[in-house]
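So you can see what is in the structure, the chains are spelled out below.
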Amino acid sequence: MSAATEAIVLPDSVDVVEPGRANWSLRVGGVLVGLVVVVALVSFVWTPWDPYLVDGTNRLMGPSSSHWLGTDQFGRDVLSRLMVGARTTLYVGIVAVSLAAVGGIPLGIVMGMAPRWLQTVLVRANDLLLAFPALLLAIMFGAVFGASTTTAMVAIGIATIPVFARITRSGTLQVMSTEYVLAARAGGRSAPAVAVRHVLPNVTSLLLVQASVSFAIAALAEAALSFLGFGTAPPIPSWGRMLNEAYSVLAVSPLQALWPGLAIATAVLGFNLLGDGLRDRLDPRLADAR
Amino acid sequence: MSDPVTARTPADVTVGGAAVDGAPGDDHRLVVEDLSVRAGRLGLVHDVSFRLGRGERVGLIGESGSGKSLTALAVMGLLPEGLSASGSVRVSSVDHDLVGASDARLADLRGRVLSMVFQEPMTALNPVMRVGDQVAEVMEVHDLASGRDARRRAVELLAQVRMRDPDGVARRYPHQLSGGQRQRVMLAIALANEPDVLVCDEPTTALDVTVQAQMLDLVVRGAAERDAALLFITHDLAVVATVCERVLVMYGGHIVEAGPTRRVFTAPRHPYTRGLVRASDLGALGVDGTDGSLRRPLPTIPGTVPPAGAFPSGCVFRNRCERADEACEVEPPWDGLPGDGAACVHPYDPEDTAAPGDTAASEPGGVT
Amino acid sequence: MTTSTTPTPPDGDQPALLEVRDLVRDFPRPRSSLLRAPEPVHALRGVSLDVRAGQRFGIVGESGSGKSTLLRLLAALDRPTSGTIRFRGREVTGVPERRLGFLREDLQVVFQDPMGSLDPRMKVRDIVTEPLVAQGHPDRLGRLDELLEAVGLPARAADRYPHQFSGGQRQRIAIARALSTRPAVLLADEPVSALDVSVRAQVLNLLADLVDEFDLTLVFVSHDLSVVRRVCDTIAVMQEGEIVEQGPADRVTTRPEHPYTRQLLGAVPSLERALAGQDAAGLAAAAGAAAPGADADREVRR
């Protein structure tokens, strides 16, 4: 075969990408999220103080050598409560996002690959759900099932399903219009196989970003719900709960609000950066930049 | 910069004339000297020099990765973020160098002195603006016409690019036009201010052949009526031969050959040009091919174009060249006249102008 | 119409591999008026043709001619509004996907855009063997090396991703995938239009070699008459959803009967003619496009 034997030189990577950027957000995001995870894990075996220990004599103290971040209005150690609160945040985030992803991704793929009439019906129904505020749903759930961390995160998760479904659908439609899907169909691939082999991997980057954003939103929502009294019930610490409790003493001791606020900001920033970094990292076209 | 008489200025203007660098701007609409484009440390276009005379049509041909489009963008001062140009680009009616000029200064020149037609007419037009307004806008921006006057001129220009019902077309939006019509609108915009230099970057690649034929005709007429110099960038040898009097062949960011169209395509001197001409010859249509000539394999250039930064040192084509030897490891000098020759150590002999002794540098081991 | 649209078999004894009869495909247009239902776009208006085993059948047309629609229908990637397609005498139209195995095994497609037709997240190994996986073939990996070699790619290409290859190499990958099931018919949709001139020659040679070596029947769709004439022995010229002329490649390109074919032939820029003195005005005249606004009211789809 004459044409076939021509020398083929495989090129090295040609992509011109900023090599530092993906690494940077991945690293910083990883460190911040890692910090939250480590703190949550450590809290199982060790906290400086018992987070539930009420000490009437040491109320609203500033940072000191015995209480590094001070104490709250009941004399409980703030650092210990922050550490235990990290568990709640992670727990809520993971469960809510998993629920949203498990429900939303298949729905989104069906919404992108089903016959036209079914797509129309599902998309309209999804838009309806999307218009329903997550917090309102959580408050309703709280009213019906009683305020608890579990109720809050299930409500947040369910309310996030339409967001995932919509993002997945837009990605699916784009992938379905490519020639590689046509080629796969011409090669005899069935629709489910196309969904798993081509659609899913190619919408992953979109979903990762969405997951990290949703994770941050879920952490915030838990804080907001706890703050409003519809989330984590006292005395279990959660960052939102702590913020709520700090609110009543804001004028006397603003530091009480600063610590949980900082913790929430750190986690949210961490998850957002991690999502960005992961997206770039998982894209083989950008991977060579490493 | 470099001494114009020595080899490094490959293309010179006047087809037959010995324009050995008069003061730039005498008869030249565009003078480009030692133009280089870099992305950080990576060189993408290297020391490109050429001149365009009044009313001259010059083709810049090359494959993807040759640097032809970057050269055009650098001339227009439109390089994307992260790329920088060095060297010199001068236009006859402007008294300063375009390389290094401020954005504001360049913006004033673009659309007035220099204008460009891009490959993709859909993305080059504003989708939410009526096409008549877009043609009028380019005149208003440069204060050459305004208000009703500009609208009237816009309709005239649309008529000049042979738009049927120019009044009606002026009131339409880009998506309501066909690809060929959109490209003619782009041409009308480019010609609106009577530019000195018209740059066309693959203006017909996205068009059907029947529409392409008309577009090419309009480009040539539009430039000729204004006595504008035309720089026509394409990968299609047949198109360039139809449109241009002179061609520059680019490969790996270098001009590897330059000369009158007929000479370059009938007696190419650079092995790359020769390979390109042979590979693009699919056999003339309308000629009977029953003799089996069409069944023979096409001549090809072995290998593929390396990615930017992976071209060999010395002659950029030497890793794919059948004539390459050690002498090619240093950058080849220009062989031939400034405007008619090739950057090659072992050029093919021109069949008409025998030049024995041309390849004296080919002694093996002479340079290393 | 100077030639009939119903094909006249050159040698009637051999049954056609692909039989297309009165194929019509309408696409709905989005509604733009409350009162009037939109007129559909007629992409194909009754196309009939026969492709025989071993034939190299070229379909030429400009954008909007319906050539790509026809190719998708032939590959059963779309359903016609009416009309029939038979492959080896078996009905293809209206058959559910799960019973199209006979077609998927024996007919493969190479698409135009060598980047778009390869999943950017799959390694070459998985791309090339995908049809084999889909059809549950054993010994996929043994076949992989063979296929890569056949299209002139080194075995180590298998572990790379599509973006690491040049356009011509990607098209080789797509061709390897198409050949993986040892198909009898290869449909090629503008396979060299996105390639550089020097690479185009390589891929055209490769296709010619493979067609000979694997006894392929080729259906080659292109806008470029000179490419089609180079590759095919039979040419059908399409215009606005209809075949306006069909015949042996040499006859169609040297003695065209339909005015549109003549126009098309005149419009293709040619190095020979240009060097013989044809300028842009001459080309425009030959294309018959010199009349004002020749394409002013041409339908643009999508």
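Residues numbered from 1 in each chain as written. Chains lettered and ligands numbered in written order. Predicted model: local features only at pLDDT ≥ 70, side-chain atom pairs only at ≥ 80, totals over all residues. Heavy atoms only, no water.

Give a detailed account of the pairing of strand β1 (residues 28–39) of chain B, specifying residues and quantitative values.
Residue and element names in this part refer to chain B. Counting buried positions over the twelve residues of β1 gives ten, a clear majority of the element. Examined bridge by bridge, β1 and strand β2 (residues 42–53) share eight bridges and lie antiparallel to one another. Residue pairing in the sheet places valine 31 in a bridge with arginine 51 of β2. A loop of two residues connects β1 with β2, the two strands running antiparallel in sequence, and glycine 40 in this loop sits at a positive phi of about 60°. Alignment of β1 against strand β4 (residues 83–91), held across eight bridges, turns out to be antiparallel. Note on β4: the bridge partner recorded for leucine 30 is valine 91. (Buried < 20%, exposed > 50% of the residue type's maximum accessible area, 1.4 Å probe, protein only. Helix = DSSP H or I, 4+ residues; strand = E, 2+ residues; numbered from the N terminus. Pairing = 2+ DSSP bridges.)

Break down the side chain of glutamate 130 of chain C for me, with residues and values.
Topologically, glutamate 130 of chain C is positioned in helix α3 (residues 124–134). Overall, the relative accessible area of 2% leaves glutamate 130 of chain C in the buried class. Leaving out residues up to four positions away in the same chain, glutamate 130 of chain C has contacts with Ala184, Arg189 and His198 of chain A together with Met122 of chain C. (Contact = heavy atoms within 4.5 Å.)

Just give me the short version of the environment of aspartate 349 of chain B, but keep the residues and values in it.
Along the polypeptide, aspartate 349 of chain B turns up in the segment after β11 (340–343). When the C-alpha atoms of aspartate 349 of chain B and valine 58 of chain B are compared, they prove to be 24 Å apart, with 291 residues separating the residues in sequence.

Describe the interface of chain C and chain B, listing the residues and the values that go with them.
Listed as interface residues are 54 residues of chain C and, on the opposing side, 57 residues of chain B. Both faces combined, the contact of chain C with chain B buries some 4700 Å², and carbon together with sulfur accounts for 55% of it. The largest share of the area that chain C buries against chain B comes from Arg229, Arg230 and Leu275 of chain C, three residues that together contribute 16% of it. Counting the contacts that link chain C with chain B gives zero salt bridges. Linking chain C to chain B there are eleven residue pairs in polar contact (both at pLDDT 80 or more). Listed by contribution, the elements that provide at least two residues to the side of chain C that touches chain B are α6 (197–213), α7 (225–231), α8 (249–254), α9 (259–267), α10 (271–275) and α11 (280–287) of chain C. If you tally residues by element for the side of chain C that touches chain B, the top one is α6 of chain C, at eight residues. (Buried area = accessible area lost by both parts, 1.4 Å probe. Salt bridge = Lys/Arg side-chain N within 4 Å of Asp/Glu carboxyl O. Polar contact = N/O pair within 3.5 Å; in protein donor to acceptor, adjacent residues only side chain to side chain.)

Give a description of the packing of aromatic side chains that names residues and reports values.
Under the definition given, this model contains seven aromatic pairs over all chains. Taken together, a centroid distance of 5.5 Å and an interplanar angle of 65° make the contact between phenylalanine 141 of chain A and phenylalanine 145 of chain A edge-to-face. Of this pair, phenylalanine 141 of chain A and phenylalanine 145 of chain A both sit in helix α4 (residues 134–145), separated by four residues, roughly a single helical turn. Taking the relative accessible area as the measure of exposure, phenylalanine 145 of chain A reaches 60% and is therefore exposed. An aromatic cluster of at least three residues, connected via ring pairs, comprises Tyr251, Tyr272, Phe311 and Phe317 of chain B. The positively charged end of arginine 90 of chain C is found above the aromatic ring belonging to phenylalanine 102 of chain C, 3.9 Å away from the centroid. (Phe/Tyr/Trp six-rings, centres within 6.5 Å; stacked < 30°, edge-to-face > 60°. Lys NZ or Arg CZ within 6 Å of the ring centre and 35° of its normal.)

Before we move on, could you go through the interface of chain A and chain C and cite the residues and values that matter?
Each side of the interface is counted separately: chain A has 31 residues, and chain C has 45 residues. Counting the contacts that link chain A with chain C gives one salt bridge. Among the ionic pairs, glutamate 130 of chain C bridges to arginine 189 of chain A, the shortest N-O distance being 2.9 Å. The tally of links from chain A across to chain C stands at eleven residue pairs in polar contact (both at pLDDT 80 or more). Within the residue set of the side of chain A that touches chain C, elements represented by two or more residues are α6 (179–186), α7 (191–228) and α10 (284–287) of chain A. Counting residues per element, the side of chain A that touches chain C draws most heavily on α6 of chain A, which supplies seven residues.

Can you break down the confidence of the model for chain A residue by residue, with the values?
Low-pLDDT stretches of the model should not have their predicted coordinates read in fine detail. Per-residue pLDDT for chain A averages 80, and the proportion of residues at 70 or more is 90%. Low pLDDT, under 50, characterises residues 1–19 of chain A; the predicted model gives this stretch 46 contacts beyond four residues in sequence or across chains. (pLDDT = per-residue confidence, 0-100.)

Before we move on, could you go through the nonpolar core and cite the residues and values that matter?
For soluble globular proteins, nonpolar side chains are generally found buried alongside one another. Counting residues in each nonpolar core, the largest one holds 129 residues, and the members touching the most others are Phe265 of chain B together with Phe220 of chain C. Sequence-distant contacts of phenylalanine 220 of chain C, defined by excluding residues within four places in its chain, comprise Phe57, Gly58, Ile59, Ala188, Pro191, Leu204, Leu207, Val227, Val228, Val231 and Cys232 of chain C. Counting residues in hydrophobic clusters, the runner-up holds 39 residues, among them Val91, Met116, Met250 and Ile255 of chain B. (Core = buried A, V, L, I, M, F, W, Y, C linked by side-chain atoms within 4.5 Å.)

Describe the sheet that holds strand β5 (residues 114–117) of chain B, listing the residues and the values that go with them.
Residues and elements named next belong to chain B. Strand order in the open sheet formed by eight strands is β5-β6-β7-β3-β8-β9-β11-β10, with mixed pairing between adjacent strands. Taken across any chain shown, the strands that pair with only one partner, and hence form the sheet edges, are β5 and β10 (334–337). Each strand of the sheet is rotated relative to its neighbour by a mean of 15°, with strand direction disregarded. Here helix α1 (residues 68–76) sits on the sheet and contacts β3 (57–61), β5, β6 (197–201), β7 (229–234) and β8 (246–251); the angle it forms with β5, its principal contact strand, is near 145°. (Axes fitted to C-alpha atoms, helices over the stretch in contact; angles between N-to-C directions.)

Got a sec to walk through the pattern of salt bridges? Specific residues and values, please.
Residue and element names in this part refer to chain B. Per the stated rule, a full pass over the model turns up 35 salt bridges over all chains. Note that glutamate 225 is salt-bridged to arginine 226, the shortest N-O span being 3.8 Å. Taken together, the salt bridges that share partners define one network made up of Asp149, Arg152, Arg153 and Glu156.

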